[in-house]
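Overview (structure and organization)
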Amino acid sequence: MSLTLQAFQLRTQVAAVIAAAGSMPAEAQQVADNLVLANLSGHDSHGVGMTPRYVDAVLEGGLKPNTGIAVRVDIGTMLALDGQRGYGQIVGVQAMQLGIARAKQHGSCIMTLGNSHHLGRIGHFAEMATAQGLVSMHFVNVLSRPVVAPWGGGDGRFGTNPCCIGIPLAGGDPFLLDFATSRVAQGKMRVAHNKGERVPPGHLIDEHGAPTDDPGVVVVPQSNGLFGALMTFGEHKGYGMAVACELLGGALTGGGTWHRPADTARTVLNGMLTVLIDPAKLGTQASFEVEARAFVDWLRQSPPGAGFEAVQIAGEPERKARATRERNGIWIDDATWGEIVAAGAKVGVAVSADGL
Ligand code: NAD
């Protein structure tokens, strides 16, 4: 049975599951709020559907509840942080609070965060920075089953390595570009597979490295026991971006890169390089505000192309989704809901659509 729940209902139920998995109440609530915000923003792949995976990761020992960042290096404008396998929704926010304070003080901050558990929607961190008037750039790698193929390669070698750039726009909402470097999200392929749908060409290769439109190749093991792979966006250019995310988010942060065969672990770790800039300290604040606004207005004046209503700026689709879903509720498909109920049962919580 699929169902539609209001955000507050989902927050309560997910927080109860996370708490039963070992988190203190405040941590459980912060994780739940972050996941529900991803659903509200239209990114169900990074919303409450992650809860079962988090519970499994805790039970597996790879995700450590009630764990904060450790500061490994602090030289003012450079911070090297270790997430110590804590919830990304906790250590990521702690890291950003530190980095934002440094950028406000010195004008910029370069910050590495290794060994964080899944950071969720990276745009969340850029939103924290742009709300303070800062530019924020993020390069992230994913240590989990490698589901994305290198350009010209025939199997999965790395994760969906997201990249995010947040730029404040004076007098309006920020530009918030936040995307996986894979052509599509792995979670979207699971949904398509469950519905029996095919996907457009250029998204996937099968377990032999041949192009396919069958999303099942990255969801269930194939004839030879192997999986197919997602392709990167933008062909060789997106591939290059994905590698940059692995080198910066993985190698440079100390979190490590993926270079081993796939395993079945449920734990998913992220490494993230963040660069924060305060335009006010750079001395260009006034012209930055004027020029950025003028450019965005100029883009919006473009007449709608075929099939489009209007030109949008990155970040707008998420804000529109929030307004709609806050009003109409969040639709949860039955497979996802069943997994959340099962995750609750694993830690002794009876999750129910009518409340706990
Ligand atoms: P996507 O393909 O929906 O692209 C989203 C970006 O494109 C957003 O910035 C959005 O505002 C912009 N956009 C969408 N339509 C637009 C339009 N018509 N005009 C202008 N801009 C538009 O996102 P995705 O690649 O599926 O990624 C989804 C989420 O998954 C992101 O939040 C990302 O951080 C997250 N993610 C996290 C991990 C992790 O390991 N933590 C891994 C991969 C992805």
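All chains use their own residue numbering, which begins from 1 and follows the written sequence. Only residues with pLDDT of at least 70 are given local features in this predicted model, and only at 80 or more are side-chain atom pairs given and counted; all residues enter the totals for whole chains, interfaces and linings. With hydrogens and water stripped out, all remaining heavy atoms of the structure feed into the side-chain values.

Turning next to the environment of Glu 207. Secondary structure elements follow DSSP: runs of H or I of four or more residues count as helices, runs of E of two or more count as strands, with numbering from the N terminus. Take Glu 207: it is sitting in the loop between strand E8 (204-205) and strand E9 (211-212). Distance from Glu 207 to Ser 223, taken between C-alpha atoms, is 8.2 Å for residues 16 residues apart in sequence. Note on contacts: a residue pair is in contact if any heavy atoms of the two residues lie within 4.5 Å. In this structure Glu 207 touches Val 217, Gln 222, Ser 223, Asn 224, Leu 226, Phe 227 and Gly 228, once residues within four positions along its chain are discounted. Polar contacts involving the side chain of Glu 207 include one to the side chain of His 208, which spans 3.4 Å. A polar atom in the side chain of Glu 207 sits 3.2 Å from the side chain of Ser 223. Within 3.5 Å is the distance limit for a polar contact, defined as a pair of N or O atoms, with the added protein rule that one can donate a hydrogen and the other accept it, and that residues adjacent in sequence qualify only through two side-chain atoms.

Nearness here has a simple test: a residue counts as near a molecule or strand if at least one of its heavy atoms is within 4 Å of that partner. Of all residues adjacent to the ligand, which total 21 residues, the nearest are Arg 121, Asp 178, Ala 180, Gly 315 and Glu 318. Within the side chain of His 46, one N or O atom sits 3.0 Å away from a nitrogen atom of the ligand. The side chain of His 118 places a nitrogen or oxygen atom 3.4 Å from a nitrogen atom of the ligand. When the free accessible area of the ligand is taken as 870 Å², the share hidden by the protein chains comes to 79%. Method for areas: the Shrake-Rupley scheme with a 1.4 Å probe, in which residue coverage is limited to the protein chains shown.

Next up on the list: the packing of aromatic side chains. Any Phe, Tyr or Trp ring, taking Trp's six-membered ring, that has another such ring centre within 6.5 Å forms a pair; planes under 30 degrees apart are called stacked, those over 60 apart edge-to-face, and the others tilted. Inspection of the entire model under this criterion finds 3 aromatic pairs. Their ring planes at 25 degrees and their centres at 6.3 Å tell us that Phe 158 and Tyr 239 sit as a pair that is stacked. Residue Phe 158 is located in the loop between strand E5 (135-143) and strand E6 (162-167), and its partner Tyr 239 is located in helix H7 (residues 235-251); the two are separated by 81 residues in the primary sequence. When the ring centre of Phe 227 is taken as origin, the NZ or CZ atom of Arg 145, which lies over that ring, is 3.7 Å away. Two conditions define a charge located above a ring, namely a distance within 6 Å from the ring centre to NZ of Lys or CZ of Arg, and an angle within 35 degrees of the ring normal.

Cavity means a closed set of points on a 1 Å grid over the protein atoms alone, one where a 1.4 Å probe fits but cannot get out, pocket means an open set with protein on both sides within 12 Å along at least 5 of 7 lines, and lining means a residue has an atom within 4 Å of a point. Grid points are joined across faces, edges and corners, and a volume is the space filled by probe spheres set on the points. As a volume, the second largest pocket reaches approximately 340 Å³. If you go around the second largest pocket, you meet 17 residues; those closest to its centre are Pro 146, Asp 155, Gly 156, Leu 226 and Ala 262. All residues other than Ala, Val, Leu, Ile, Met, Phe, Trp, Tyr, Cys, Pro, Asp, Glu, Lys and Arg, Gly among them, are scored as polar; the first ten of these are nonpolar and the last four charged. Looking at the lining of the second largest pocket, its residues break down into 6 nonpolar, 5 polar and 6 charged.

To continue, consider unusual backbone geometry. One non-glycine residue with positive phi stands out, namely Arg 85, at about 65 degrees. If you trace the backbone, Arg 85 turns up in the loop between strand E3 (78-82) and helix H4 (88-106). The backbone of Asn 115 sits at a positive phi, close to 60 degrees, despite the residue not being glycine. Mapped onto the secondary structure, Asn 115 falls in strand E4 (residues 108-117). Exposed residues in this analysis have more than 50% of their type's maximum accessible area, buried residues have under 20%, and partly exposed residues fall in between, with area computed by a 1.4 Å probe over protein chains only. Judged by its relative accessible area of 23%, Asn 115 falls in the partly exposed class.

In this fold, Asp 278 is placed in the loop between strand E11 (269-277) and helix H8 (279-282). Only 3.0 Å separates the side chain of Asp 278 from the backbone nitrogen of Ala 280, close enough to count as a polar contact.

As a further point, take helix H3 (residues 51-60). Most of H3 is tucked away, with 7 of its 10 residues classed as buried. Among the residues of H3, those classed as buried are Thr 51, Pro 52, Tyr 54, Val 55, Asp 56, Ala 57 and Val 58. On its buried face, H3 sits against helix H1 (7-20), helix H2 (25-40), H4, E4 and helix H11 (334-346). Looking one or two residues beyond H3, the residue adopting positive phi is Gly 61, at roughly 95 degrees.

Before going further, it helps to spend a moment on H1. Each residue after the first adds 1.5 Å to the expected span of a helix. Between its first and last C-alpha atoms H1 spans 20 Å; for 14 residues at 1.5 Å apiece the expected length is 20 Å, and the two agree. Residues of H1 that are buried: Ala 7, Leu 10, Gln 13, Val 14, Ala 15, Val 17 and Ile 18. In the segment just after H1, Gly 22 is the residue with positive phi, at about 120 degrees.

Turning to the pattern of salt bridges, a few remarks are in order. Any Lys or Arg side-chain nitrogen found within 4 Å of a carboxyl oxygen on Asp or Glu counts as a salt bridge. Summed over all chains, the structure comprises 15 salt bridges. Its salt-bridge partner being Arg 300, residue Glu 316 comes within 2.7 Å of it at the nearest N-O pair. Placement of the pair is Glu 316 in helix H10 (residues 316-328) and Arg 300 in helix H9 (residues 285-300), with a sequence separation of 16 residues. For Arg 300, a relative accessible area of 37% puts it in the partly exposed group. Members of the salt-bridge network, linked through shared partners, are Asp 56, Arg 266 and Lys 346.

One frequent convention defines the size of an interface as the accessible area lost when the parts assemble. Here the protein chain is partitioned into domain 1 (1-66 + 320-356) and domain 2 (72-182 + 232-301). Contact residues are listed per partner, giving 25 residues for domain 1 and 19 residues for domain 2. Both sides together, the interface formed by domain 1 and domain 2 hides about 2,000 Å², and carbon and sulfur atoms give 53% of it. By the criterion of area lost to domain 2, the three top residues of domain 1 are Asn 34, Arg 53 and Tyr 54, representing 28% of everything that side buries. The tally of links from domain 1 across to domain 2 stands at 2 salt bridges. Two residues, Arg 266 and Asp 56, come together in a salt bridge whose shortest N-O distance is 2.9 Å. Those elements giving two or more residues to the side of domain 1 that touches domain 2 turn out to be H2 and H3. Across the side of domain 1 that touches domain 2, the residue classes break down as 12 nonpolar, 7 polar and 6 charged. Reported domain spans reflect what an automatic or database domain assignment gives. Here the quantity called buried area is the total loss of accessible area, with a 1.4 Å probe, experienced by two parts when brought into contact, counted for both.

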